[in-house]
Amino acid sequence: MTNMELTLWDSSQKEILPAGINTPAKIAEYAKQLSLRERKQIAQSFEAENYEVAINYVWNKAMAALKKELSTLGMKFLGEMLNKPDLKEDDNVFDAVTDREAIRLAAELGMVTSTEAMRLRQAHELTTHFSQLEAMESDEQNVQMQSEEAVSILKTCIRNILGKPKINVATEFVEFRDALLSETLKSDDYRVSNLLVSPYFFHKLTVSILLANIKKNIGAKLQNALANFNLIIPELWDRLRDTEKWQIGHTYSEVHAAGQSIATSGIKAALLKVKGFDYVPETLRSDTFIKAAENVIKAHEGMNNFFNEESPMKVLVKLGSTIPGPSFSICASAILSVRLGNSYGHSFSGSPLADELLDSFTPERWEYYLNQCLPGDIRILEKLTSEKPQQNWFRLVQKYEFSNLHTKNKDVTHLITSSVSQNKAKAQTYISNLIQAYYGNKKKIKKS
Amino acid sequence: MTENITFRTQLIGSVTDFAEACGIGPLLRPAILVELIVTLSKYREEGSKLFPDVYLCNDIEEALKLIPDHDILHIGTTGITEDAIKEILKKCAPLANGGWCIFIEGDVKKLNYGMFRGPLNPLAIPIDETLLSTGATVKVVKVYQVAEDCVEIRSYVGGLHRIYFSNQKDTSPSPMQYLGNLVDTICSKVPMETRESVANFIREALRNALLRAHGSLIVVCKSAKIPKLLSDGVHLAQPIDFAKQVEAVLDKEALPSSLSPGLSLLIGMLNSDGIVVFSNDGKLLGYNCFISLPTKKVVSAQGGARRRAFDALCDRIGKGLQAVFIQSQDGGTDFRRVKND
């Protein structure tokens, strides 16, 4: 990994499921992680046209296998990647990581390709959609999963998860993270140089990893994390977006409030170097907003989301429309997630609450979101690749007159222009550009 | 022939280098600094002793950026004169309670003054640790009464002067010199993960309590059981477990305000007669304890009852006791603990 930028590790996809296998019974035979009895039951359910029952079972099995594999990396590490620093090693992966987050992690860690991640996301939405249909609605409208849809989900689950005895993780990724904690890197270290020219995803992840470990560790790991923080942050500062700068300031206030002298003085030293104390929140009021936004996202990405979004959205609305700077990024992401919905629509009870908050955003706040948050808000960018959320986005662009705002990012500007003209193809191009800029190019995973 | 003898000249001479090294400009003229030191040494308002912490700086807003969850209250503006100090203290010192400190911000022609406070969370890093270790970025000097007849001035560049208004020798230890050792011993068996936070909390609690106490005697036991020699006293049936309370706050299972009641009790106990007893895992075991002084062996011919009790307790170090700390009424402190501890 010398003299090159860090790139996402892409899974080298061995052929798990040969082309031309199309009958459910034959496909199920390739599910190595399932028992013979389970494979047989799946085939029987397909034969009886009980597609939803079969797919629910397959999906739950696939997610359980994926999350179990992810948990072998350690819950703290997953917490760092998901920006959930409160995750503890003994937390249950099935409770702590949503299906959508598991798919995102699988893609970022090179366990599945980005195309397959997209298929998994679609499978997730389809499965969720049918599982949350009211019984009455399903009977009256004769809405049911089609055979082709079910076969497609079955194939996706087996090809990416259930057909693999073990899902390979990009070990280099874990090694880089370990180096941040086990070594004091020097400024001329190639890993530091590589990081500086790498895509934003790595900058964001490095900040997240270092802050999580500064908060939680003691002894040598803490000292290494602080030394590397003081080396890397001054170099990265000008390239970091406000979201990450607020994250640093917020962590400073957290360790300060917890009386962690060593961590506080280490972060303080870095903030003094970059004159970054404007990003330290004056109060910890933003904590309440961050927690409320996290609950909205959890409901949005969980089962029965259209029903479950309303309650946490009400809590967020009750906190008031003056969202503190440090929590604005995650709050905006949560509110937009509810408003844009997913490929099956949006929550009728949650959306008006989201509108209430979005209506209170000033043009300056929208400019801030479009310039500082959207290019790194992978949750929203991925959402915009689906048709219904994209349509809802077009309406937002019109309603809040984004075209009159001053945007600095070229792709964001073009996305707004194409959204105004409702040009789906062009919009898709600029969304892809933004995702590409965030993650960078892929490279093949190294297998040991 | 009548001759006036004052230590003003000597004091001005002594703080001149300190003031120049700080580079805060007209605000830190030696005469102003001396006025502040002398006034704070015995500050009273309406007959009550007051112990305000005063911070001098050239940009309070910039300084407070380093302290999350702070608050500020601007009170007024005055000219840069020696009388200004009396005016500022008159208006601000009575407000300097419950974590509020006085700030004096100087520019070329005037002084702005008022109150500020640090975080409300009792676990938070003390203000001094944040403001007085900033390198040259934010210039701050603190002046405060550290004990009866003793004022300390500390600067952001690490300068420290201790001015005694008593017959103390030049080599006298700082009234708070052993506080760190005492706290280290009290927290020596607290789990590593939370030790730093627990130690910070207990250090600040003791610092505030000792400042207001008229002398104190504190022992640290090796176990959670108070030794027999201290059987005469109040043994808490349920010791106050500061380490556990802090852990609960860090785990967000309790609010930071849940620490305040224990803190108030500790202050009250230190103000009571007798010995305050801690264990080495951060528990407060008892107070108002007394030790029978040996009749055969005269431990110390000098000193009052507290000093003699201290000497007697020192004999028991290693036999159930891990450490003993004394602060006498005049602010002098001493500390002994098990060797190689």
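### Side note on the overall build of chain B
So, step 1. Along its length, chain B carries 10 helices and 15 strands.
So, step 2. In summary, chain B has a C-alpha radius of gyration of 21 Å against a globular reference of 20 Å for 341 residues, a match within 12%.
So, step 3. Each of the three principal axes of chain B carries a C-alpha extent, and together these read 65 × 65 × 40 Å.
So, step 4. For chain B, the proportion of its 341 residues judged to be buried stands at 41%.
So, step 5. Within chain B, contacts between residues at least 6 apart in sequence are counted, and of these 65% link residues at least 24 apart.

### Observations regarding the overall build of chain A
So, step 1. The secondary structure content of chain A amounts to 25 helices and two strands.
So, step 2. In terms of overall size, chain A behaves like a compact globule, its C-alpha atoms giving a radius of gyration of 22 Å where 448 residues would be expected to give roughly 22 Å.
So, step 3. Each principal axis of the C-alpha distribution contributes one length, and for chain A these read about 65 × 50 × 40 Å.
So, step 4. Counting across all 448 residues of chain A, residues that qualify as buried make up 44%.

### Regarding the interface of chain A and chain B
So, step 1. On the chain B side, the residues contacting the 21 residues of chain A number 22 residues.
So, step 2. Contributing elements (two or more residues each) for the side of chain A that touches chain B: helix 14 (242-257) and helix 15 (261-274) of chain A.
So, step 3. Among the elements that take part in the side of chain A that touches chain B, helix 15 of chain A stands out by supplying six residues, more than any other.
So, step 4. In terms of residue class, the side of chain A that touches chain B is made up of 10 nonpolar, eight polar and three charged.

### Digging into unusual backbone geometry
So, step 1. Its identity is not glycine, yet A:E401 carries a phi of approximately 50 degrees, on the positive side.
So, step 2. When you line up the elements, A:E401 lands in the loop between helix 23 (387-399) and helix 24 (410-420).
So, step 3. In this structure, B:K252 is a non-glycine residue whose phi angle is positive, near 60 degrees.
So, step 4. For B:K252, the location among the structural elements is in the loop between helix 8 (242-250) and helix 9 (260-271).

### Let's talk about the nonpolar core
So, step 1. One finds A:A106, A:C157, B:L56, B:I102, B:V143, B:I202 and B:V277 to be the most contacted residues of the largest nonpolar core, which totals 168 residues.
So, step 2. Of the residues forming this core, the biggest block, nine residues, is contributed by helix 3 (residues 51-71) of chain A.
So, step 3. Other than its neighbours up to four places away in sequence, B:V143 contacts B:L36, B:I37, B:L40, B:V54, B:L56, B:V151 and B:I153.
So, step 4. Listed in part, the 40 residues of the second largest apolar core include A:A293, A:I297, A:C331 and A:A334.

### Section: the sheet that holds strand 10 (residues 216-221) of chain B
Residues and elements named next belong to chain B.
So, step 1. Spatially, the six strands line up as an open sheet ordered 11-13-12-10-14-15, and their pairing is mixed. The open sheet has two edge strands, strand 11 (232-241) and strand 15 (333-337), and neither has a second partner. Looking at each pair of strands side by side, their axes are set apart by 15 degrees on average, direction ignored.
So, step 2. Pairing geometry for strand 12 (residues 275-279) and strand 13 (residues 283-290), over three bridges, is antiparallel.

### Focus on the pairing of strand 5 (residues 100-106) of chain B
Residue and element names in this part refer to chain B.
So, step 1. Within strand 5, six of the seven residues are buried, leaving the element largely enclosed by the surrounding structure.
So, step 2. Pairing analysis gives four bridges linking strand 3 (residues 53-57) to strand 5, with the strands arranged parallel. Bridged to C57 within strand 5 is E105.
So, step 3. Sheet topology note: the strand 5/strand 6 (residues 110-117) ladder contains seven bridges and is antiparallel. Paired with C101 across the strands is F116, a residue of strand 6.
So, step 4. Linking strand 5 back to strand 6 in an antiparallel pair, the connection comprises three residues.

### Looking at the sheet that holds strand 7 (residues 140-147) of chain B
All names here are of chain B.
So, step 1. Ordered in space as 4-6-5-3-7-8-9, the seven strands form an open sheet in which the pairing is mixed. Single-partner strands in this sheet number two, and they are strand 4 (71-79) and strand 9 (160-164). In this sheet, adjacent strand axes meet at a mean angle of 20 degrees when their direction is disregarded.
So, step 2. Relative to strand 8 (residues 150-155), strand 7 runs antiparallel, the two sharing six bridges.

### Quick look at helix 7 (residues 192-212) of chain B
Residues that lie three or four places apart on an α-helix share one face, since the helix turns once every 3.6 residues.
So, step 1. With 21 residues, helix 7 of chain B should reach 30 Å at 1.5 Å per residue; the first-to-last C-alpha distance of 31 Å fits that figure.
So, step 2. Within the sequence span of helix 7 of chain B, burial applies to B:T194, B:S197, B:V198, B:A199, B:N200, B:F201, B:I202, B:R203, B:E204, B:A205, B:L206 and B:L210.
So, step 3. Those residues of helix 7 of chain B that are buried are in contact with helix 15 of chain A together with helix 6 (179-186), strand 10, helix 8, helix 9 and strand 14 (321-327) of chain B.

### Focus: the confidence of the model for chain A
So, step 1. Chain-level statistics for chain A give a pLDDT mean of 86 and a share of 91% at 70 or above.
So, step 2. Note on residues 443-448 of chain A: pLDDT under 50 across the span, and 16 contacts to partners over four residues away in sequence or across chains.

### Description of the environment of A:K76
All names here are of chain A.
So, step 1. Turning to its location among the elements, K76 is positioned in helix 4 (residues 75-81).
So, step 2. Separated by 298 residues in the primary sequence, K76 and L374 have C-alpha atoms spaced 26 Å apart.
So, step 3. Apart from residues no more than four positions distant in its own chain, K76 is found in contact with L87, E89, A212 and K216.

### Digging into the environment of B:I75
All names here are of chain B.
So, step 1. Take I75: it is sitting in strand 4.
So, step 2. For I75, a count of 15 C-beta atoms within 10 Å translates into the label partly exposed.
So, step 3. Along the sequence, I75 and V219 sit 144 residues apart, while their C-alpha atoms lie 43 Å from each other.
So, step 4. Those residues in contact with I75 that lie beyond four places of it in its chain are K91, C92, Y113, G114 and M115.

### What to know about the packing of helix 16 (residues 285-301) of chain A against helix 19 (residues 325-340) of chain A
Residues and elements named next belong to chain A.
So, step 1. It is the contact of helix 16 with helix 19, at a shortest axis distance of 9 Å, that shows an interaxial angle of 25 degrees. When the axis of helix 16 is compared with that of helix 19, the two are roughly parallel. With respect to the hand of their crossing, helix 16 and helix 19 are arranged in left-handed fashion. Contacts from S286, F289, I290, A293, V296, I297 and H300 in helix 16 reach P326, S327, I330, C331, A334, S337 and V338 in helix 19.
So, step 2. Looking at side-chain class alone, the contact of helix 16 with helix 19 contains 10 nonpolar, four polar and no charged residues.

About the thresholds
Here the residue index of a chain counts from 1 through its sequence in written order. Throughout, the order in which chains and ligands are written sets their labels, letters from A for the former and numbers from 1 for the latter. Owing to the predicted nature of the model, reporting of local features is limited to residues with pLDDT of at least 70; listing and counting of side-chain atom pairs is limited to 80 or more, with chain, interface and lining totals taken over all residues. Strands here are runs of E lasting at least two residues and helices are runs of H or I lasting at least four, both read from the DSSP assignment and numbered beginning at the N terminus. With the radius of gyration taken over C-alpha atoms, the globule rule is written as 2.2 Å times the number of residues to the power 0.38. Residue burial is a threshold on neighbouring C-beta atoms within 10 Å of the residue's own C-beta, all placed from the backbone, with 20 or more meaning buried, 12 or fewer meaning exposed, and counts in between meaning partly exposed. The contact criterion used is a C-beta to C-beta distance within 7 Å, with each C-beta placed from the backbone. When residue character is reported, Ala, Val, Leu, Ile, Met, Phe, Trp, Tyr, Cys and Pro are called nonpolar, Asp, Glu, Lys and Arg charged, and the others, Gly included, polar. As used throughout, a nonpolar core is a set of buried Ala, Val, Leu, Ile, Met, Phe, Trp, Tyr and Cys residues joined through C-beta atoms within 7 Å of each other. Should DSSP find at least two bridges between two strands, the strands are regarded as paired. Only the contacting stretch of a helix is used when fitting its axis, a line to C-alpha atoms as for every element, and angles between N-to-C directions run 0 to 180 degrees. Expected span, for any helix, means 1.5 Å times one less than how many residues it has. Every residue gets a pLDDT, meaning the predictor's confidence in that residue, from 0 to 100. An angle below 35 degrees is read as roughly parallel, one above 145 as roughly antiparallel, one from 65 to 115 as roughly perpendicular, and any other as oblique. Take the far helix as the reference: if the near one is turned anticlockwise from it by less than a right angle, the crossing is left-handed, and if turned clockwise, right-handed.

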